[in-house]
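# A closer look at the structure
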Amino acid sequence: MDDEQWDLPPVTFRFPVEWGKCREFALALLDDDPARPETDEALSPSELPMPAIMPTCAFRYSPDNMPPSARLVARGLVDRTHMLQGGLEFDFHRPVVSGEELTATDRLVRVHDKETAKGTLRFLEFETAFRSADGLPVCTIRTTNIERKG
Amino acid sequence: MAEEQSAPPRLRIEDLQVGSSMPDRRVGPITQEHLIRFAGAGGDFNRFHYDAEFVRSRGFENIFAQGLFTAGILGQTLTSWAGPDLLRKLKVRFAEPVWLGDTLTISATVTRAYTTEAGPLWADLDCVVTSSGGRQVLTGSATVGAAI
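All values reported here derive from a predicted model rather than from experimental measurement. (Residues numbered from 1 in each chain as written. Chains lettered and ligands numbered in written order. Predicted model: local features only at pLDDT ≥ 70, side-chain atom pairs only at ≥ 80, totals over all residues. Heavy atoms only, no water.)

### Things to note about helix α1 (residues 19-28) of chain A
What α1 of chain A keeps buried is the set Lys21, Cys22, Phe25, Ala26 and Ala28 of chain A. Down the axis of α1 of chain A, the smallest arc covering the buried residues is 165°, so these residues share one side. Taken together, the buried residues of α1 of chain A touch α1 (32-42) and α3 (67-82) of chain B. Of the residues one or two after α1 of chain A, leucine 30 of chain A is the one with positive phi, at around 65°. (Buried < 20%, exposed > 50% of the residue type's maximum accessible area, 1.4 Å probe, protein only. Helix = DSSP H or I, 4+ residues; strand = E, 2+ residues; numbered from the N terminus. Arc of directions from axis to C-beta. Contact = heavy atoms within 4.5 Å.)

### Digging into the pattern of salt bridges
Opposite charge on two side chains permits pairing when their charged atoms draw close. Across all of its chains, the model carries 18 salt bridges over all chains by this definition. In this structure, the salt-bridge partner of arginine 107 of chain A is glutamate 127 of chain A, at a minimum N-O distance of 3.4 Å. In this pair, arginine 107 of chain A is assigned in strand β3 (residues 101-116) and glutamate 127 of chain A in strand β4 (residues 119-131), connecting sequence segments 20 residues apart. Judged by its relative accessible area of 39%, arginine 107 of chain A falls in the partly exposed class. Note that aspartate 102 of chain B is salt-bridged to arginine 135 of chain B, the shortest N-O span being 2.8 Å. Within this pair, whereas aspartate 102 of chain B is found in the loop between β3 (87-94) and β4 (104-116), its partner arginine 135 of chain B is found in the loop between β5 (119-130) and β6 (136-145), the two being separated by 33 residues in sequence. Each member of the salt-bridge network shares a partner with another, and the members are Glu89, Asp91, Arg107, Glu127 and Arg142 of chain A together with Lys89 of chain B. (Salt bridge = Lys/Arg side-chain N within 4 Å of Asp/Glu carboxyl O.)

### A word on α3 of chain B
All names here are of chain B. A rise of 1.5 Å per residue sets the reference length of α3, with its 16 residues, at 22 Å; its end C-alpha atoms lie 23 Å apart and thus fit the reference within 8%. For α3, a buried count of 15 out of 16 residues is recorded, marking the element as mostly surrounded by other parts of the structure. Of the residues one or two after α3, glycine 83 is the one with positive phi, at around 100°. (Expected span 1.5 Å × (residues − 1).)

### A word on unusual backbone geometry
Glycine aside, negative phi is the norm for most residues, and most peptide bonds take the trans geometry. Of the consecutive residues glycine 28 of chain B and proline 29 of chain B, the connecting peptide bond is found in the cis state with omega at 0°. Phi at leucine 30 of chain A is positive, roughly 65°, even though this residue is not glycine. Within the fold, leucine 30 of chain A resides in the loop between α1 and α2 (68-74). Of note in the backbone geometry, asparagine 65 of chain A takes a positive phi value of approximately 50° without being a glycine. One can find asparagine 65 of chain A in the loop between α1 and α2. Given a relative accessible area of 48%, asparagine 65 of chain A falls into the partly exposed group.

### A word on the interface of chain A and chain B
With 32 residues of chain A at the contact, the number on the chain B side is 33 residues. On the chain A side of the interface with chain B, the three residues burying the most area are Leu29, Leu30 and Phe92 of chain A, jointly 24% of the side's total. For the pair chain A and chain B, the interface holds one salt bridge. Residues lysine 89 of chain B and aspartate 91 of chain A are paired through a salt bridge, measuring 2.6 Å at the closest nitrogen-oxygen approach. On the surface where chain A and chain B come into contact, there are twelve residue pairs in polar contact (both at pLDDT 80 or more). Of all the secondary structure elements, the ones that give two or more residues to the side of chain A that touches chain B are α1 and β2 (83-92) of chain A. Each residue belonging to the side of chain A that touches chain B can be placed in one class, and the counts come to 16 nonpolar, six polar and ten charged. Strand direction decides the pairing type here: β2 of chain A and β3 of chain B, joined by five bridges, are antiparallel. By the bridge assignment for β3 of chain B, leucine 88 of chain A is matched with valine 92 of chain B. (Buried area = accessible area lost by both parts, 1.4 Å probe. Polar contact = N/O pair within 3.5 Å; in protein donor to acceptor, adjacent residues only side chain to side chain. Nonpolar A, V, L, I, M, F, W, Y, C, P; charged D, E, K, R; others polar. Pairing = 2+ DSSP bridges.)

### Description of the pairing of β4 of chain A
Residue and element names in this part refer to chain A. With ten of 13 residues buried, β4 lies mostly within the body of the structure. Direction of pairing for β3 relative to β4: antiparallel, over a ladder of 13 bridges. Looking at the pairing, valine 111 lines up with leucine 124 of β4. Hairpin remark: β3 followed by β4, antiparallel, with two residues in the connecting loop. Summarising the sheet, β4 and strand β5 (residues 137-148) pair through eleven bridges and their orientation is antiparallel. Along β5, the bridge assignment pairs phenylalanine 130 with cysteine 139. Hairpin connection between β4 and β5: a loop of five residues separates the two successive antiparallel strands, and glycine 135 in this loop has a positive phi of roughly 85°.

Now the structure itself:
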């Protein structure tokens, strides 16, 4: 494996936490409608809690509108048809509500191969770190994609 | 859309102890409408989640749900129970596909309860999403805890 080919620069972009997107996500995840006023008395009518997995769609606000793994596909480094999502890990440093604007930074943190009885599996580990307007960490997501190399 | 679901009652974190469980939540049966609605929200229009002919051409028996859909339902269930301000960590591993028609049961059990500098009590939970026939489709862990 040529290490230099995996030396991708981090991508940083704005991630506005939109009220409508929070509501759309909650409803798509079969939650009660979060816009009902009785749902959370601590929030104002203009605020909705950000669903936990919503930051995974932050790539829609990135310059190239693609998740980190797709950048590798676009460079011909990974075959999407042989790639599976292995796992996800979220760290929440504090809750986020609609109306905030976060800064997201995507980066590829590790690539390693594992030999198995069915062939080589390549593990691609990505991290997206979200910070508030004052630069403090808000949320970190680590994603593992697995590519079957045959 | 025939749908079976129930939200668990809100957590009192001071009541948590090892062995405590979040009330199980049942969701389903999962329909094509669910997956399309989630694709629109999240932007994942992979054909495995709506194009039956394509899916079968790739050797799968049926359309299956986005992994994030299942992870998201777990996340929403945890935050409905604990409150969005108490979820600190969530880790998931996708074990098996969720097929159209599956009904999911979302469960979580406390494995460790402890105090930290950040709050009066935090708790680690083992999480599992079980599908029709008892298949574990997602396993994971979560941490809930009050802020200072």
